[in-house]
Amino acid sequence: MENKIIADIFNEIAELLSVDERPTSKFEVRAYQKAALTISTLQEPIEDVYAKGGLKALMELPGVGKSIAGHIEEYLKTHRIEKYDELKKKYPIDMAALTSIQGMGAKKAITLYRRLGIRNIDDLKKALSSHRIRKLEGFGEKSEEMIQKGLTLMESSGGRMLLGDALPVAEEIVRKLKESGLAKEAMVAGSARRMRETVGDIDILVISGKQKEVMDFFTALPSVDTVLVSGPTKTSVHLKMGLNCDLRVIEPESFGAAVQYFTGSRDHNIQVRTIAVNKGYKLNEYGLFDKKGVNIGGIKEEGIYEALGMQWMPPEMREARGEVKLAIKHKIPDLVKLKDLNGDLHTHTKETDGANTLEEMANEAMRLGHEYIATTNHTKSLYIARGMNDDQFVKYFKQVDKLNEKLKGKLTILKGAEVDILKDGSLDLRDSTLEYMDCVVGAIHSSFKLDKKEMTKRIIAALDSGLIHVLAHPTGREINERQAYEVDLEAVAETAARNKVALEINSFPNRLDLNDTNIMRVSGYNVLFSIDSDAHRTANLSFLRYGIGTARRGWLTKDRIINAKPLKELLKYLKK
DNA sequence: GCCGTTTTCGGCCCGACTGTTTTCAGTCG
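Residues numbered from 1 in each chain as written. Chains lettered and ligands numbered in written order. Predicted model: local features only at pLDDT ≥ 70, side-chain atom pairs only at ≥ 80, totals over all residues. Heavy atoms only, no water.

Draft legend 1. Representation of a positive patch on the surface. Together, Lys26, Arg30, Arg266 and Arg273 make up a region of like positive charge exposed at the surface. Where the positive patch is concerned, the elements lending two or more residues are helix H2 (26-40) and helix H14 (266-278). Relative to the elements of secondary structure, arginine 273 occurs in helix H14. Judged by its relative accessible area of 31%, arginine 273 falls in the partly exposed class. (Patch = residues over 30% accessible without salt bridge, like charges linked within 9 Å, V, L, I, M, F, W, Y side chains within 5 Å. Areas by Shrake-Rupley, 256 points an atom, 1.4 Å probe, with all protein chains shown as cover. Salt bridge = Lys/Arg side-chain N within 4 Å of Asp/Glu carboxyl O. Lys, Arg positive; Asp, Glu negative; His and termini not counted. Charge placed at Lys NZ, Arg CZ, Asp CG, Glu CD. Helix = DSSP H or I, 4+ residues; strand = E, 2+ residues; numbered from the N terminus. Buried < 20%, exposed > 50% of the residue type's maximum accessible area, 1.4 Å probe, protein only.)

Draft legend 2. Region of the structure containing the domain arrangement of chain A. By domain assignment, chain A separates into domain 1 (3-156), domain 2 (161-249), domain 3 (260-328) and domain 4 (338-575). Taking the mean C-alpha position of each, domain 1 and domain 2 sit 30 Å from one another. (Domains from an automatic or database assignment.)

Draft legend 3. Local environment of the protein's contact with DNA strand B. Close contacts around DNA strand B come from 39 residues, with Arg30, Gly65, Gly140, Ser230 and Tyr286 the closest. Each atom of DNA strand B within 4 Å of the protein belongs either to a base or to sugar and phosphate, the latter forming 80%. One of the side-chain nitrogen or oxygen atoms of arginine 30 is found 2.4 Å away from a phosphate oxygen of DNA strand B. Within the backbone of glycine 65, one N or O atom sits 2.7 Å away from a phosphate oxygen of DNA strand B. Those elements giving two or more residues to the surface near DNA strand B turn out to be H2, helix H4 (66-78), helix H7 (106-116), helix H9 (141-156) and strand E5 (224-230). (Near = heavy atom within 4 Å. Polar contact = N/O pair within 3.5 Å; in protein donor to acceptor, adjacent residues only side chain to side chain.)

Draft legend 4. Inspection of the nonpolar core at higher detail. Ranked by internal contacts, the top residues of the largest apolar core, which has 53 residues, are Ile413, Ile459, Leu503 and Phe529. Sequence-distant contacts of isoleucine 413, defined by excluding residues within four places in its chain, comprise Leu358, Ala362, Ile373, Thr375, Val400, Leu403, Asn404 and Leu407. The next biggest cluster of nonpolar side chains, apart from the first, holds 51 residues, and it includes Val29, Ala35, Leu58 and Ala106. (Core = buried A, V, L, I, M, F, W, Y, C linked by side-chain atoms within 4.5 Å. Contact = heavy atoms within 4.5 Å.)

Draft legend 5. Main features of the sheet that holds strand E16 (residues 529-532). On the basis of which strands lie adjacent, the open sheet formed by 7 strands has the order E10-E11-E12-E13-E14-E15-E16 and parallel pairing. Edge positions in the open sheet fall to strand E10 (343-347) and E16, since each of these has one partner strand only. As paired strands, strand E14 (residues 470-471) and strand E15 (residues 502-506) are joined by 2 bridges and run parallel to one another. Its bridge partner being in E15, leucine 471 is matched across the sheet by leucine 503. Against the sheet, helix H17 (residues 358-367) contacts E10, strand E11 (372-378) and strand E12 (412-420), and its axis sits at roughly 145 degrees relative to E11. (Pairing = 2+ DSSP bridges. Axes fitted to C-alpha atoms, helices over the stretch in contact; angles between N-to-C directions.)

Draft legend 6. Quick look at unusual backbone geometry. A cis geometry characterises the amide bond from glycine 264 onward to serine 265, with omega recorded as -5 degrees. With respect to the helices and strands, the residue serine 265 is situated in the loop between helix H13 (255-263) and H14. Cis geometry marks the peptide bond from aspartate 513 to leucine 514; its omega dihedral reads 5 degrees. Note on placement: leucine 514 falls in the loop between E15 and helix H22 (516-522). Here the phi dihedral of leucine 512 falls at roughly 40 degrees; this positive angle occurs in a residue that is not glycine. Counting through the fold element by element, leucine 512 comes out in the loop between E15 and H22.

Draft legend 7. Structural view of the packing of H2 against H4. With their axes 11 Å apart at the nearest point, H2 and H4 run at an angle of 55 degrees to one another. Between H2 and H4, the crossing angle belongs to the class labelled oblique. The two elements H2 and H4 cross, and the hand of that crossing is right-handed. Between H2, through Ala31, Tyr32, Ala35 and Ile39, and H4, the contact on the second element is made entirely by Ser67, Ile68, His71 and Ile72. In the contact of H2 with H4, the residues fall into 6 nonpolar, 2 polar and no charged. (Parallel < 35°, antiparallel > 145°, perpendicular 65-115°, else oblique. Left-handed = near helix turned anticlockwise from the far one by under 90°. Nonpolar A, V, L, I, M, F, W, Y, C, P; charged D, E, K, R; others polar.)

Draft legend 8. Looking closely at helix H1 (residues 3-19). Over its 17 residues, H1 runs 25 Å from end to end, which matches the ideal 24 Å to within 8%, given 1.5 Å per residue. Taken residue by residue, H1 has Asn3, Ile6, Ala7, Ile9, Phe10, Glu12, Ile13, Ala14, Leu16, Leu17 and Val19 as its buried positions. Tucked inside the fold, the buried residues of H1 contact H2, helix H3 (46-59), H4, helix H5 (82-90), helix H6 (95-99) and H7. (Expected span 1.5 Å × (residues − 1).)

Draft legend 9. Fine view of the sheet that holds strand E7 (residues 244-250). If you trace the 5 strands from one edge of the open sheet to the other, you get E2-E4-E7-E6-E5, paired in mixed fashion. In this open sheet, the two strands that pair with only one neighbour each are strand E2 (185-189) and E5. Across this sheet, the average inter-strand angle for adjacent strands is 25 degrees, counted without regard to direction. Here E5 runs beside strand E6 (residues 234-239); their pairing, made up of 5 bridges, is antiparallel. Following the sheet pairing, serine 230 is matched in E6 by threonine 235. Strands E2, strand E4 (201-207), E6 and E7 of the sheet are contacted by helix H10 (residues 163-179), whose axis makes an angle of about 20 degrees with E4. Running at roughly 175 degrees to E4, H13 makes contact with E2, E4 and E7 of the sheet.

Encoded structure:
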């Protein structure tokens, strides 16, 4: 997969062109950025596109014309791009690292190179400590301070944060803004509203007649670390948790447009704006304006889409993956919702690596309105989790029976396990033990490094055993921690469909596995999904909202989710 | 450099904020 490398090169070409002495149109710069965006968000490897259709296929990608297609071809053939090499020779600086500092763009970076010979972060640190930057024309004490601050910030926080960490903080801020009485309306926008698995910063929109007071209230919140930018309509702060948070005060008549605009994604907005332009309208964060300059979008987000002849769509779909076309045809699917789920098929207790007893888990499940949960503790091979053997499971299930009796059907606890799929594809418990269970979740917890062929064979063997109901976290990735193992997901999906094994959408915030793009990859196969919390303590049972967000980002409807079935139907389904 | 229900030429998103500027350039989203 060369997509990211090529996209990075194009972005760097754009930055270098923008500062080159040879006057370059800023639109040429933008053209490279646009091509980079297209390639980095491409669903399939760019080498496949080229292999299938050559230059012509490349030129069909949005923003890729004759010249850029030529560069891609050149790279795929020689692993070099002459234009890029020439620019790098002229400007031998680590542009990507330098411009990743907040407040430093290509222009400043190149000035620092020309005047002080700064090529990379190390050079920059030296220049900062000797206070050489403040003496430069166009720079000053404040600029030097800002660069220092940006550098510290970059080194302390590591970019994007898990949705599961960011969203609760964002919602807390919104709650406080509402309670303050200073904001008539307050909501989370941006990638958090779209339920992206990671969030780069938090966007909050408010309607308020008291701009200054609401900004002051915001910057004084205990979760705020430093104030980065502060104006009458926009304030940016750095939160103690490590993320930046923007608060924008919006006029009531612009609220719908602002919500649409700041929810994004950027690519989605570009597509929507194009539709507006083609109709002779103008769309920005203040409204949808007709030729006479009248705001025809109304004050609600729905009104913007409606006035453009489009159906409103859930924020989770707004990633420029074809949702705009569907909205024009009014064919937006009715995506699965949190309240559609009737239970949770992957949970742990104290018996292995959980923190709570089965009864505590059951009580919390009831509080959440579940009709059932499966208790699925680890099996013996997973030593570190104190995995249970066959005898221990038999004993444990007596305890489950007792609790089920006590619960009198208010909640049904299904007997299960999260059984290890061993290196050779065999399962970690006896067949007879597994056959006795209501719901068996199969999972890979070892030998992640098998090659793609071996790993695929291993998982398919497990699915073909006929003993598994759910394949847990099917790719094994952990966000920012562990890469997915190599596996042929299409083959796994096909086998799963044939064996009536559901693919899990694991809702644990650092897993979200399958993720949105993988869901889309496999949903063409006739496979069903299970949205589970993988809870290790009672509080984790609420993680289902992130799994739902992920399922919605993968465009799934209720009928594809096995734990959206009521208990009776589920039990019928689980009995193969 | 890309692109076309206005098109093969002439557009290409644009507003907010900051610092150092004495009227605007750079950065961000």
